[in-house]
Protein chains: 2
Amino acid sequence: MTDRAGPRATPTPPTSAAVARHAGVSRATVSYVLNGQAAGRVGERTQARVRAAAEELGYVPHAAARSLRAGRGRLVLLAAPADAVEAFGPLFTGFLAGFQTALHRLGYTGVLHGAPASSPMAAARAWAELRPAAVLNLYGPPLDAPAVELLHRAGTAAVLVLGPSAPPGAHTLLLDQREAGRRAGEHLLARGRRRIGVVRPAEPGPADCAELRLAGVRAAAAAHPDARVRPLDLARTEESAAGLAAAWPELGLDAVFGYNDEYAMLLMRALQDAGHTIGADGPDRLAVVGADDLLLARLLRPRLTSVHAEITPPEQIAGLVADLLLDPAAPPAIHRLGSFHVTPRASG
Amino acid sequence: MTDRAGPRATPTPPTSAAVARHAGVSRATVSYVLNGQAAGRVGERTQARVRAAAEELGYVPHAAARSLRAGRGRLVLLAAPADAVEAFGPLFTGFLAGFQTALHRLGYTGVLHGAPASSPMAAARAWAELRPAAVLNLYGPPLDAPAVELLHRAGTAAVLVLGPSAPPGAHTLLLDQREAGRRAGEHLLARGRRRIGVVRPAEPGPADCAELRLAGVRAAAAAHPDARVRPLDLARTEESAAGLAAAWPELGLDAVFGYNDEYAMLLMRALQDAGHTIGADGPDRLAVVGADDLLLARLLRPRLTSVHAEITPPEQIAGLVADLLLDPAAPPAIHRLGSFHVTPRASG
């Protein structure tokens, strides 16, 4: 190491050979003991001696070196930038936290990789450098078939992609955002609403998801010949909401699906400030529905009706990943990550 | 690899030796070209041939193998469980996203590691297995001096810990939560409030941070002999907030610092529902202050006064980490991650 000449050089990490020397045993013995394969091979006292030597020297196995030997690591890479993690709310972050804990129990390490990439291949290449056993592309850069192929060739046994569909060679984790829109639309239509505005956030993050939710509302409206669906462009600011509220009388709408609770609350408050009455019942009231079922959305009055996702328990998805790693030949399939339901409250 | 016998065995990742064979050059040549050290050593046409061969075979350098050779990787490990990332709000996740992008530009890969650990040593051991060049412990399990030492011995050049203080051998990233409380306290005291309740969340996540914010309010109150500070236990549910609001008349308070905007909004709404009037002015009004300056906190009426953090630009912290990696002998220091200010609105 070139920096050994420096004033406080980083010491060379202790190796398993050093542990073997310190304990007076062979490297194979150290390997058996520290990889949990000592039973029937190494006596109890020798095992204790090896563990003590490893402890004393501060020896830590090198995950990557182990993966170089074994041909596959224990790393599970979750592609999602930190701001997407936040944008998708407490339900999603709760899932992620539970998922990382469940992977940990199964002997895998889940890390969140949030770097941007200029292309599917650039993303796959950056991830492949870490030689992950599995990649879950949650909200990372999109993949295509050659990118999935590159990951497989680099030793990634399972590639899972969150979305309505995955590229060839990858499994699909299905959280059907169309369903979120469809549920909101069906709910409003069942209550007699026929002129439905659907918020389309101006921010780039939610764009794809917003298009799918809008398509879901349209699909629900298709069953009612007299129903009309109109996209409403809204930025995540009070000014944008006030502007939309000022233009409201021209729009002729009797309901809004606000994309999520945050945009719905923003618009609902602006509509109230402009003199509109929000509520589920009566033709003079405007119905407002959000999504995500945020705690804070219950603090405005009337309380916000919301679409919420019932997410598959994280232990189950961690188990699925572990199964796929044991059986990398399993043909790509669709695995549901959850489904959507409406929690009706007073707003719509 | 043992799974080559399976029906769709994962192929062996292409090696640099295979690239060399395919291009008809030596492994050293491949290494020069793919590590950007070809200038003056390898002709343009040979470089092109090596790149084409690498592209064709789908060769990706193994980050860990490279770090084994170089003695240090390009991985920067950020320890924070996903739910903490969410709990600390959009400001923090915005910082993290910007930080990961900035590291990427500097040639490093930032990954979020969220697995739990039973002890400081267990945490350090799990992180050390990935041989990170740097570790930033943001909201991960606490470290102590031996754990930092273990990381250094495993080749981690820089350990940075978010908090009021770091263990020996680690740098401190200071986001002084006492300051958040002090600012809230000073603001309320300057407006004549003297009996200040401070929300202490019942949830385990924010516990440490809440104690520091409470200490900050107490520190501000120490300058006013007639001021009293009282902790208020509150769970993140409407029921808990209603319970606290029902007990309010016995508490004799004229102001609340709600820990953050979410708890403040929860309590403010419950107090309003119980008939209390919230506001900055007048002895008959109860002042409420939150923290984080959430957009949604401006939608309740009166609009919530809030303490907000002004975070150091992520590019600057990424630059700091890169500098520390170039100079691992730099003595541990305190690096400010931001400071707190009050945005006064109508609530207090």
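Residues numbered from 1 in each chain as written. Chains lettered and ligands numbered in written order. Predicted model: local features only at pLDDT ≥ 70, side-chain atom pairs only at ≥ 80, totals over all residues. Heavy atoms only, no water.

A. Geometry of the overall build of chain A. Along chain A, the regular secondary structure elements total 14 helices and twelve strands. Relative to a compact globule of 348 residues, whose C-alpha radius of gyration would be 20 Å, chain A shows 26 Å and is clearly more extended. Reported as C-alpha extents along the three principal axes, the dimensions of chain A are approximately 85 × 50 × 40 Å. Among the 348 residues that make up chain A, the fraction classed as buried is 55%. (Helix = DSSP H or I, 4+ residues; strand = E, 2+ residues; numbered from the N terminus. Rg over C-alpha atoms; globule rule 2.2 N^0.38 Å. Buried < 20%, exposed > 50% of the residue type's maximum accessible area, 1.4 Å probe, protein only.)

B. Quick peek at the domain arrangement of chain A. Here chain A is partitioned into domain 1 (2-61), domain 2 (75-174 + 312-337) and domain 3 (177-310). A straight line from the C-alpha centre of domain 1 of chain A to that of domain 3 of chain A covers 61 Å. (Domains from an automatic or database assignment.)

C. Highlighting the sheet that holds strand β7 (residues 228-234) of chain B. All names here are of chain B. A sheet is described by the order of its strands in space; here six strands give the open sequence β7-β6-β8-β9-β10-β12, paired in mixed fashion. If you trace the sheet from one side to the other, it starts and ends with β7 and β12 (338-343), each paired once. Put simply, the sheet's adjacent strands are angled 25 degrees from each other on average, direction ignored. With six bridges joining them, strand β10 (residues 305-311) and β12 adopt antiparallel strand pairing. By the bridge assignment for β12, V307 is matched with V342. (Pairing = 2+ DSSP bridges. Axes fitted to C-alpha atoms, helices over the stretch in contact; angles between N-to-C directions.)

D. Structural detail: the pairing of strand β1 (residues 75-79) of chain B. All names here are of chain B. By the criterion of burial, β1 is predominantly enclosed, with five of the five residues buried. Burial of the side chains of β1 extends over both faces: L75, L77 and A79 are buried on one face and V76 and L78 on the other. Direction of pairing for β1 relative to strand β3 (residues 134-137): parallel, over a ladder of four bridges. Bridging across to β3, L77 finds its partner in V135.

E. Quick look at the pattern of salt bridges. Counted under the stated rule, the structure contains 28 salt bridges over all chains. For R301(A), the salt bridge identified is with D273(B), shortest N-O distance 2.8 Å. One end of the pair, R301(A), is in the loop between β9 (287-291) and β10 (305-311); the other, D273(B), is in helix α13 (residues 261-273), on a second chain. Between D293(B) and R345(B) there is a salt bridge whose closest N-O contact spans 2.8 Å. Of this pair, D293(B) sits in the loop between β9 (287-291) and β10 while R345(B) is found in the segment after β12, placing the two residues 52 residues apart along the sequence. (Salt bridge = Lys/Arg side-chain N within 4 Å of Asp/Glu carboxyl O.)

F. Spatial organisation of the packing of aromatic side chains. Residue and element names in this part refer to chain A. Counting across every chain of the model gives four aromatic pairs over all chains. Each ring, one from Y259 and one from Y263, has its centre 5.8 Å from the other, and the planes form 70 degrees; the classification is edge-to-face. Assessed through its relative accessible area of 5%, Y259 is described here as buried. The ring of Y108 has R74 sitting right over it, with the charged end atom 4.2 Å from the ring centre. In this structure, R213 is placed above the aromatic ring of Y259, and the distance from its NZ or CZ to the ring centre is 5.1 Å. (Phe/Tyr/Trp six-rings, centres within 6.5 Å; stacked < 30°, edge-to-face > 60°. Lys NZ or Arg CZ within 6 Å of the ring centre and 35° of its normal.)

G. Layout of the confidence of the model for chain A. Averaged over chain A, the pLDDT score is 89; the fraction of residues at 70 or greater is 92%. A low-confidence stretch, residues 1-10 of chain A (pLDDT under 50), is modelled with 21 contacts involving residues beyond four sequence positions or located in other chains. (pLDDT = per-residue confidence, 0-100. Contact = heavy atoms within 4.5 Å.)

H. Just the environment of V321(A), in detail. Residue and element names in this part refer to chain A. As for its placement among the helices and strands, V321 is situated in helix α14 (residues 314-326). When its relative accessible area of 1% is taken as the criterion, V321 is described as buried. In sequence terms V321 and A147 are 174 residues apart; their C-alpha atoms lie 19 Å from each other. Excluding residues within four positions of it along the chain, V321 makes contact with V76, F99, A134, L136 and L160.

I. View of the packing of helix α9 (residues 177-190) of chain A against helix α10 (residues 207-221) of chain A. Residues and elements named next belong to chain A. Where α9 contacts α10, the two axes come as close as 6 Å, and the packing angle between them is 40 degrees. Regarding the angle of α9 to α10, the classification is oblique. With respect to the hand of their crossing, α9 and α10 are arranged in right-handed fashion. On α10, the residues that touch Q177, R178, A180, G181, R182, G185, E186 and L189 of α9 are C209, L212, R213, A215, G216, V217, A220 and A221. (Parallel < 35°, antiparallel > 145°, perpendicular 65-115°, else oblique. Left-handed = near helix turned anticlockwise from the far one by under 90°.)

J. Examining the environment of G282(B) more closely. All names here are of chain B. As for its position among the elements, G282 is in the loop between α13 and β9. On the accessibility criterion, G282 (33% relative accessible area) is partly exposed. Sequence spacing of G282 and R191 is 91 residues, and the spatial spacing of their C-alpha atoms is 9.9 Å.

K. Representation of the pairing of strand β1 (residues 75-79) of chain A in the model. As defined by bridge partners, β1(A) adjoins strand β2 (residues 109-113) of chain A across five bridges and the pair is classed as parallel. Bridge pairing links L78(A) to L112(A) in β2(A).

L. Spatial organisation of α10(A). All names here are of chain A. Given a rise of 1.5 Å per residue, 15 residues ought to cover 21 Å, and the 21 Å separating the end C-alpha atoms of α10 matches this to within 8%. Taken residue by residue, α10 has C209, A210, L212, R213, L214, G216, V217, A220 and A221 as its buried positions. Of the surrounding elements, those touching the buried residues of α10 are α9, β6 (195-201), β7 (228-234), β8 (255-257), β9 and β12 (338-343). (Expected span 1.5 Å × (residues − 1).)

M. Spatial organisation of the side chain of T172(B). All names here are of chain B. One can find T172 in strand β5 (residues 171-174). For T172, a relative accessible area of 7% puts it in the buried group. With residues up to four places along the chain from it excluded, the contact list for T172 reads V161, G163, P164, S165, A166, A333, I334 and H335.

N. Structural context of helix α1 (residues 16-23) of chain B. All names here are of chain B. Within α1, burial applies to S16, A18, V19, A20 and A23. Taken together, the buried residues of α1 touch α2 (27-34) and α3 (44-57). Looking one or two places after α1, you find G24, whose phi comes out positive at around 70 degrees.

O. Summary view of the packing of helix α2 (residues 27-34) of chain A against helix α3 (residues 44-57) of chain A. Residue and element names in this part refer to chain A. Look at α2 against α3: their axes get within 10 Å of each other, and the N-to-C directions meet at 90 degrees. Overall, the two elements α2 and α3 adopt an arrangement that is roughly perpendicular. Where α2 approaches α3, its residues T29, V30, V33 and L34 are matched on the opposing element by T46, Q47, V50, R51 and A54.

P. Representation of the sheet that holds strand β4 (residues 158-162) of chain B in the model. Ordered in space as β11(A)-β5(A)-β4(A)-β3(A)-β1(A)-β2(A)-β2(B)-β1(B)-β3(B)-β4(B)-β5(B)-β11(B), the twelve strands form an open sheet in which the pairing is mixed. Whereas interior strands pair on both sides, the edge strands pair on one side only; in this sheet they are β11 (334-336) of chain A together with β11 (334-336) of chain B. On average, adjacent strands in this sheet sit at an angle of 25 degrees to one another, irrespective of strand direction. Here β3(B) runs beside β4(B); their pairing, made up of four bridges, is parallel. Within β4(B), the position partnered with V135(B) by the bridge is V159(B).

Q. Unusual backbone geometry, seen in detail. All names here are of chain A. Cis geometry marks the peptide bond from R301 to P302, where omega comes out at -5 degrees. Mapping P302 onto the fold places it in the loop between β9 and β10. Within the chain, Y259 stands out as a residue other than glycine whose phi angle is a positive 70 degrees. Tracing the backbone through its elements, the reader meets Y259 in the loop between β8 and α13 (261-273).

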